[in-house]
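Now for the letters of each chain:
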Amino acid sequence: MAEAHQAVAFQFTITHEGIDLHLSYQALNQIYLSGLRSWKKRISRIKNRIIKGVYPASPSSWLFVVIAILATMYMQSDPSMGIITKIREHLPLSLSLSAQGQTVLSVLLFSTLLWLSLILALRFCLKLLLSYHQWMFELHGRISTKTKVWATLVRLLSSRKPLLYSYQTSLPHLPVPSIKDTLERYLESVKPLLDVAGFQRMTRLAAEFEKSLGNRLQKYLKLKALWATNYVSDWWEEYVYLRSRSPIMVNSNYYGMDFLYVTPTATQAARAGNTITALFLYRRKVNREELNPSRIPGTVIPLCAAQCERMFNTTRTPGEETDVLQHWQDSEFVAVYHRGRYFRLWVYRAGRLLSPREIQYQIQRILDDPSPPSPGEDKLGALTAGNRMPWAQVRKQFFSSGVNKRSLDCIEKAAFFVTLDDQEEGMMGENPSVNLDRYAKSLLHGKCYDRWFDKSLSVVVYKNGKNGLNAEHSWADAPIVAHLWEFTLATDAFHLGYTADGNCRGEIEHSLPPPQRLSWDIPLQTHVSESLAVAQALADDVDCHVFPFREFGKGCIKKMKMSPDSFVQLALQLAYYRDRGTFCLTYEASMTRLFREGRTETVRSSSNESCAFVLALEAGEVTYFILHLFCLYVVSKYLGVESPFLKEVLSEPWRLSTSQTPVQQMELFDLVNHPEFISLGGGFGPVADDGYGVSYIIMGEEMINFHVSCKHSCTETDSHKFGSQISQAMMDLMTLLNPDFKEATKANPDKQS
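Just so we're clear, the structure is a prediction, and the values are computed from it rather than from any experiment. (Residues numbered from 1 in each chain as written. Predicted model: local features only at pLDDT ≥ 70, side-chain atom pairs only at ≥ 80, totals over all residues. Heavy atoms only, no water.)

Chemist: Please clarify how the overall build of the protein chain should be interpreted in this entry.
Modeler: Looking only at helices and strands, the protein chain has 23 helices and 21 strands in total. The C-alpha radius of gyration computed for the protein chain amounts to 29 Å, which stays within 12% of the reference 27 Å derived for 753 residues, consistent with globular compactness. Referenced to the eigenvectors of the C-alpha coordinate spread, the extents of the protein chain come out at roughly 90 × 80 × 60 Å. A total of 753 residues make up the protein chain; the buried ones form 52% of that total. (Helix = DSSP H or I, 4+ residues; strand = E, 2+ residues; numbered from the N terminus. Rg over C-alpha atoms; globule rule 2.2 N^0.38 Å. Buried < 20%, exposed > 50% of the residue type's maximum accessible area, 1.4 Å probe, protein only.)

Chemist: Which parts of the structure should I look at to understand the UniProt feature "domain: Choline/carnitine acyltransferase" (unreviewed entry) in the protein chain?
Modeler: Residues annotated in UniProt with the feature "domain: Choline/carnitine acyltransferase" (unreviewed entry) correspond here to residues 174-619 and 628-727. The annotated region residues 174-619 carries 43% helix and 14% strand content, and the separation between its end C-alpha atoms amounts to 43 Å. (UniProt positions renumbered as here; feature names shortened; annotations may be inferred.)

Chemist: Mind showing me how you'd approach the UniProt feature "active site" (unreviewed entry) in the protein chain here?
Modeler: Cross-referencing UniProt, the feature "active site" (unreviewed entry) maps to His473 in the present numbering. In this fold, His473 is placed in the loop between β12 (467-471) and α15 (478-496). Setting aside chain neighbours within four positions, we find His473 in contact with Tyr241, Ser252, Asn253, Tyr254 and Arg599. At a separation of 3.4 Å, a polar atom in the side chain of His473 contacts the side chain of Tyr241. (Contact = heavy atoms within 4.5 Å. Polar contact = N/O pair within 3.5 Å; in protein donor to acceptor, adjacent residues only side chain to side chain.)

Chemist: I keep staring at the state of the cysteines and nothing clicks. Help me out?
Modeler: Disulfide: a covalent bond connecting the sulfur atoms of a pair of cysteines. Evaluated as defined, the whole model comprises zero disulfides. Unpaired in terms of disulfides, Cys448 finds its nearest cysteine sulfur in Cys544, a separation of 12 Å. The exposure class of Cys448 is buried, given its relative accessible area of 0%. (Disulfide = S-S within 2.5 Å.)

Chemist: How should I be thinking about the side chain of Glu412 in this particular structure?
Modeler: Relative to the helices and strands, Glu412 resides in helix α13 (residues 402-412). If near-sequence neighbours (up to four positions away) are discounted, Glu412 is found in contact with Thr315, Thr317, Trp328, Arg395 and Lys455.

Chemist: Help me out: how do you make sense of α15 in this one?
Modeler: An α-helical turn contains 3.6 residues, so any two residues separated by three or four positions project in the same direction. Taking 1.5 Å as the rise per residue, α15 with 19 residues should run 27 Å; its terminal C-alpha atoms sit 25 Å apart, in good agreement. By the largest-angle criterion, Ala490 marks the main kink of α15, which is about 30°. Across the 19 residues that make up α15, a large majority, 14, are buried. (Expected span 1.5 Å × (residues − 1). Bend = angle between axes of the 7 residues up to and from the residue.)

Chemist: Sorry if this is basic, but what is going on with the nonpolar core here?
Modeler: Judged by nonpolar contacts, the single largest core of 105 residues is most densely connected at Phe399, Phe416 and Leu457. When residues of this core are assigned to domains, at least three map to each of domain 3 (179-197 + 207-239 + 544-661 + 678-743) and domain 4 (246-543). By size, the runner-up hydrophobic cluster in this structure holds 50 residues, among which are Val176, Phe209, Val634 and Val641. (Core = buried A, V, L, I, M, F, W, Y, C linked by side-chain atoms within 4.5 Å. Domains from an automatic or database assignment.)

See below:
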């Protein structure tokens, strides 16, 4: 218990002569330095609030306004048109100031009011400019004068370097579309999926809904839009994620992978040291708002950064009816799992972030710890992998007090969760394809008890130095986590680096107290076993296939004057038709972060045009599914009314659910000089029991990595077969667009290996 003694600042004993006080100056110094860090963070937060509160102006602009007003007053001119005189007349009599002092005070008050008014005006102008979205529809190379003027004005108002959250109050609110427009778009999207009779029936239901219940629900939705920052996001978070009672493992959580070809070090503790350090460096940037706001690639258009707020120190806690996201302001430790034991690892000491070498040293202590798990401890994490209601009941009954509560608090309040996995993963061995599939399944669900799926982020570091990430979905969408993971991988490999023998750099303070083993009193093995059985059945049913498509990439697609994403989506439509002989409702994730607190929208990429193209190809405009319908459905539930139309619309299964993982920070990776540092991206489980989940990441100019998932229990789906269909569809589309491509491929067979 050395760490306990070091944490005590003073001790005293009572003797017959009085109280004998013993001060620990080392402990007092630790407390002082830790408190100093806390105050620095508070001051930094106050400073950032002021800076982003006056954006797009600057705090120093207040002084400029004051000096300008004083100068004009000195020149016997009143720029306030008498307002300064009025202010001086109404100053309290208790202010015994000279006439000159009263004038200066009046000028300061007027200047401040004028400055605040200018800030509000600038912010309003920026909000109006960011509400303009016609730039999306401009033809490549043919930008209109209106859009050029608009872009120039946005640049002028955004000329100051913004903090991470500087644009938040200037982002427009998500507008509520008209009922008529939404229904027309919906009917257009389902037309290729229904026969004539089915489409006529759906058209009739939509018309009845519009005339009766739809307009009533719309009024409530517009009222909410006037009051709320975003009329969708809070309901989306609650009803799509937090109210779900089924396991979040596989069904909701998603994963991110390491580099495809390289592993910076084969030493597990060292990789963990650098990875943990990089994540805390990113957290520091988020806390200080030093990250540049994300923008639409190639533009000055900012994206909402609200999702970054709950990235760290966040846990989804189970409830019987709905889960709750809990976020803590700060945490100086991580929770670590290794061979059935849980540890708390402090990464700050006296306000200082430990060096990567010190964190490696602490991780190695955990790896070398021979102590066995306490009874029931090893599979405790299965509670987070099973159904939510049993976990809520168990948590309330067994974790509300005592040693269990203290240990659970350590996990839930940790910055993030770390698993030191005793397996080896990655593209390796004689059968790298099979090993990649196993790697994906490991990150998606592991052993069902060696991850803490409730944590916002769970980092996995394998025995051979490979790493990965599992993310809980309710707090944020994949692009937010992808941005974090890009930074982590780049910082680990290129900035922190390793010594020649594969260890982390930095010095070690050997007096560091060892990681704290968490204690448990767990008389609930039956509950754990039940949750594990549910989770294991779900994990065993998942069929994953990960493959890099190397035949061509976005460079070749762009030469055909086609969007790479549109090309891949069309290939997926062709692959699915060949696989199942029919078309299906297709989900492609798209973001609404152009709007404040925006999250995800749905693109129905199976359209009349795509279906006609596939049929024509086999024989010899993307439509948005507006979340408007989802919100109307929520309103109908609050009002206690039923809509056959909404019930049918929202019960349709997404048999093909797709998502592109965007590469947002290519400047971090030098793929020209280091082409081996290619990220594999990440993936997710299938949305429908009889469907596919497909994630893809477009890497550089010559590669696209695909992640395909489905379920073994459906005899009509097979991830490997569908992966082959995707590859063939990609090749066939390119051959159609560029007949010379087939000949070039034959001349270079190594490209396909």
